[in-house]
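The primary structure of each chain is shown beneath.
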Amino acid sequence: MSWKNSSIVNNDSSEKLQNYIEREGLTPKVLNIFEDVLNTEETKDYLVLDHNKRKVHNNLSITTRERRQLSDMISILYQGEKIKSPFQGVFPLKEKEISKIKEELDIRGFHVFNEILNLESCDAIISRLKKISFNTKKSTKRITGLTKENVSKIKGNTAWVCNQQDILKIEEVQKLAFDENLLNLVSQFLGSEPILCQTNCWWSVNKSKHRSNLSGNAQMYHQDTEYLKFIKVFIYLTDVNENNGPHKYVQGTSKIAQEKLGEGYVVSSRVEDEKVEEIFGKENVISFTGEKGTIIIEDTFGLHKGTPVIEGARLLLQLEYCNSLYFHAGYTFGLEDLSQDVKELSKSHPRIFSNFIEDVNKINKEKFKYFNQRTIKQRIKDKIKSYI
């Protein structure tokens, strides 16, 4: 399929795309992937369980420059216009701050908000989490009733929420995820209207420092590659000091990490601390400590990691937005049990809700099983690692 024949491309965007293609001198490889992106958008193939498995070769083969080119073309198709949302005031971001924070994201790759999320909202989210199921990586065993006092009972360094729809059902999370100023900041960064693709939450504890456990729980430096362009918001729901597993980020690496790490480096593979500090400078490694309610917005295509917990436990809420669901390997949402304001927003800004479907619980159950399925050999290895 030629990109010109796509139902998504109209006369105006066709001309702009053609001019961009000629100006950038795009390769057949990039154009072929762009046509696959359009086909994915048209067919909603991103909702199919094995979508990412079939597209991962494209994800791992493209350069940072090619990723930027594909994102630029998506911006031509889905130009970000100012978003009007009924949700305002809970997320601590003022409209006048948006342009400055966007610039900081482009240069440094992150921003820590001056104000914290109010403690009433934090406590309301924490209270709801007690009734939500979590699981450790690659395990289908569900754990409920987790609190700071009993989280040490999990097997592994991290316990993740099983169904992200359960997180989005929390009223305070809806007010954050669909906040007008946050959506407009994200839209400016992405260059197109954002798609909500993740509302995750996880506990981190001190269990194992074996390399395989650190790698599997994102506790070694890496670049995220879930989508062509994306941004994440991290909210600490517990106080985090240097002993509680602070998040770390290597500023300025989102545009240069792939090239600087050299031939043989595969994007999303794990990188040792010593190598990161040698190439990018120890002075550029930022450790994010902060009190409960601290908020960080970050381009995690830059090098980052969660550090192992030494004492206590860390609880974190994460929101993620992307410019396209191409490469999607996550869970799905539904409007069921969400507020009427969210449902109205979905009518005025449907692209934000591209990852929403009916009967969401059925597909998320299938995804939970698919994402965590393990062979007998893998289970034996997991058991051995748990004792190391």
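> I'm lost on the overall build of the protein chain in this one. Help?
A count of helices and strands for the protein chain gives 15 helices and 10 strands. In terms of C-alpha radius of gyration, the protein chain reaches 20 Å, essentially the compact-globule figure of 21 Å for 388 residues. Projected onto its principal axes, the C-alpha coordinates of the protein chain cover approximately 60 × 50 × 45 Å. Across the 388 residues that make up the protein chain, the buried fraction comes to 55%.

> I would appreciate a short explanation of the sheet that holds strand β4 (residues 195-204) in the present structure.
Paired through backbone hydrogen bonds, the strands of a sheet run either parallel or antiparallel to each other. Strand order in the open sheet made by the 7 strands is β1-β8-β5-β10-β4-β3-β2, with antiparallel pairing throughout. Since the sheet does not close on itself, it has two edges, and those belong to β1 (110-112) and β2 (134-136), each with one partner. Going across the sheet, the axis of each strand differs from the next one's by a mean of 25°, ignoring polarity. In this structure, β1 lies alongside strand β8 (residues 295-298), joined through 3 bridges in antiparallel fashion. Counterpart to valine 112 in the pairing with β8 is isoleucine 296.

> Just to check I follow, could you spell out the pattern of salt bridges for this structure?
Opposite charge on two side chains lets them pair, provided their charged atoms get close. Inspection of the entire model under this criterion finds 21 salt bridges. Its salt-bridge partner being glutamate 24, residue arginine 65 comes within 3.7 Å of it at the nearest N-O pair. Taken as a pair, arginine 65 in helix α4 (residues 64-77) and glutamate 24 in helix α1 (residues 11-24) lie far apart in primary sequence, 41 residues in all. With a closest N to O distance of 2.7 Å, lysine 292 and aspartate 123 form a salt bridge. Placement of lysine 292 in the loop between β7 (285-288) and β8 and of aspartate 123 in helix α6 (residues 119-129) is noted, with a sequence separation of 169 residues between them.

> Help me understand the packing of aromatic side chains in this model?
Working definition: an aromatic ring pair is given by the centre-to-centre distance plus the angle between the planes. Counting across every chain of the model gives 12 aromatic pairs. Ring centres of phenylalanine 110 and phenylalanine 288 lie 5.1 Å apart, and the angle between their planes is 65°; this geometry places the pair in the edge-to-face category. Of this pair, phenylalanine 110 sits in strand β1 while phenylalanine 288 sits in strand β7, and the two are 178 residues apart along the sequence. According to the relative accessible area criterion, phenylalanine 110 is buried, its value standing at 4%.

> It is not clear to me how the nonpolar core should be interpreted in this structure. Could you clarify?
Buried together is how nonpolar side chains tend to be arranged in soluble globular proteins. Among the nonpolar cores identified, the biggest contains 55 residues, and Leu129, Leu168, Phe178, Val233, Leu237, Ile297 and Tyr321 are the most heavily contacted of them. Sort the elements by how many residues they give to this core and helix α9 (residues 180-190) lands first, with 6 residues. Beyond its immediate stretch of four places on either side in the chain, isoleucine 297 contacts Ile101, Leu105, Gly109, Phe110, His111, Phe113, Leu182, Leu185, Val186, Ile231, Lys232 and Val233. Within the second largest apolar cluster, 22 residues are counted, among which are Ile21, Leu31, Val37 and Tyr326.

> What am I meant to see in α6 here?
Because each turn of an α-helix spans 3.6 residues, side chains separated by three or four positions end up pointing in the same direction. Inspection of α6 places Ser121, Cys122, Ile125 and Leu129 among the buried residues, and these make up the whole buried set. Down the axis of α6, the sector holding all buried residues measures 100°, keeping them to one side.

> Would you take a moment to explain unusual backbone geometry for this structure?
A positive phi angle, near 60°, is found at lysine 44, a position not held by glycine. Here lysine 44 is to be found in the loop between α2 (28-43) and α3 (51-61). Residue lysine 44 is classed as partly exposed on the basis of its relative accessible area, which comes to 46%. A positive phi angle, near 55°, is found at aspartate 359, a position not held by glycine. Along the chain, aspartate 359 turns up in the loop between α13 (340-348) and α14 (360-372).

> In this structure, what is going on with the sheet that holds strand β9 (residues 304-306)? I would like to understand it.
Read from one edge of the open sheet, 3 strands run β7-β6-β9, paired in antiparallel fashion. Either end of the sheet is taken by a strand with one partner, and the two such strands are β7 and β9. The sheet shows a mean angle of 15° between the axes of neighbouring strands, direction not considered. Bridge analysis of strand β6 (residues 247-250) against β7 gives 4 bridges, and the strand direction is antiparallel. Residue pairing in the sheet places histidine 247 in a bridge with phenylalanine 288 of β7.

> I keep staring at α13 and nothing clicks. Help me out?
By the burial criterion, the buried members of α13 are Val342, Leu345 and Ser346. One face of α13 carries all of its buried residues, which in axial projection span an arc of 105°. Packing partners of the buried residues in α13 comprise α8 (171-177) and α9.

> In this structure, what is going on with the pairing of β6? I would like to understand it.
Within a regular strand, side chains alternate between the sheet's two faces. Alignment of β6 against β9, held across 3 bridges, turns out to be antiparallel. In the strand pairing of β9, tyrosine 249 is matched with histidine 304.

> Honestly, the packing of α2 against α3 in this entry has me stumped. Any pointers?
A pair of packed helices can be characterised by two numbers: the angle between their axes and the separation between those axes. Relative to each other, α2 and α3 sit at 155°, their axes nearing to 11 Å. Taken together, α2 and α3 sit at an angle that is classed as roughly antiparallel. For the pair α2 and α3, the sense of crossing is left-handed. Between α2 and α3, the contacting residues are Lys29, Ile33, Asp36 and Thr40 on the first element and His51, Lys55, Asn58 and Ser61 on the second.

> Is there a simple way to explain the state of the cysteines in this structure?
Defined simply, a disulfide is a covalent bond joining two cysteines at their sulfur atoms. The final tally for this structure, using the stated rule, is 0 disulfides. Cysteine 197 takes part in no disulfide bond, and the closest cysteine sulfur, belonging to cysteine 322, lies 3.8 Å away.

Conventions used here
Residues numbered from 1 in each chain as written. Predicted model: local features only at pLDDT ≥ 70, side-chain atom pairs only at ≥ 80, totals over all residues. Heavy atoms only, no water. Helix = DSSP H or I, 4+ residues; strand = E, 2+ residues; numbered from the N terminus. Rg over C-alpha atoms; globule rule 2.2 N^0.38 Å. Buried < 20%, exposed > 50% of the residue type's maximum accessible area, 1.4 Å probe, protein only. Pairing = 2+ DSSP bridges. Axes fitted to C-alpha atoms, helices over the stretch in contact; angles between N-to-C directions. Salt bridge = Lys/Arg side-chain N within 4 Å of Asp/Glu carboxyl O. Phe/Tyr/Trp six-rings, centres within 6.5 Å; stacked < 30°, edge-to-face > 60°. Core = buried A, V, L, I, M, F, W, Y, C linked by side-chain atoms within 4.5 Å. Contact = heavy atoms within 4.5 Å. Arc of directions from axis to C-beta. Parallel < 35°, antiparallel > 145°, perpendicular 65-115°, else oblique. Left-handed = near helix turned anticlockwise from the far one by under 90°. Disulfide = S-S within 2.5 Å.

Any functional reading would require information that these geometric values do not contain.
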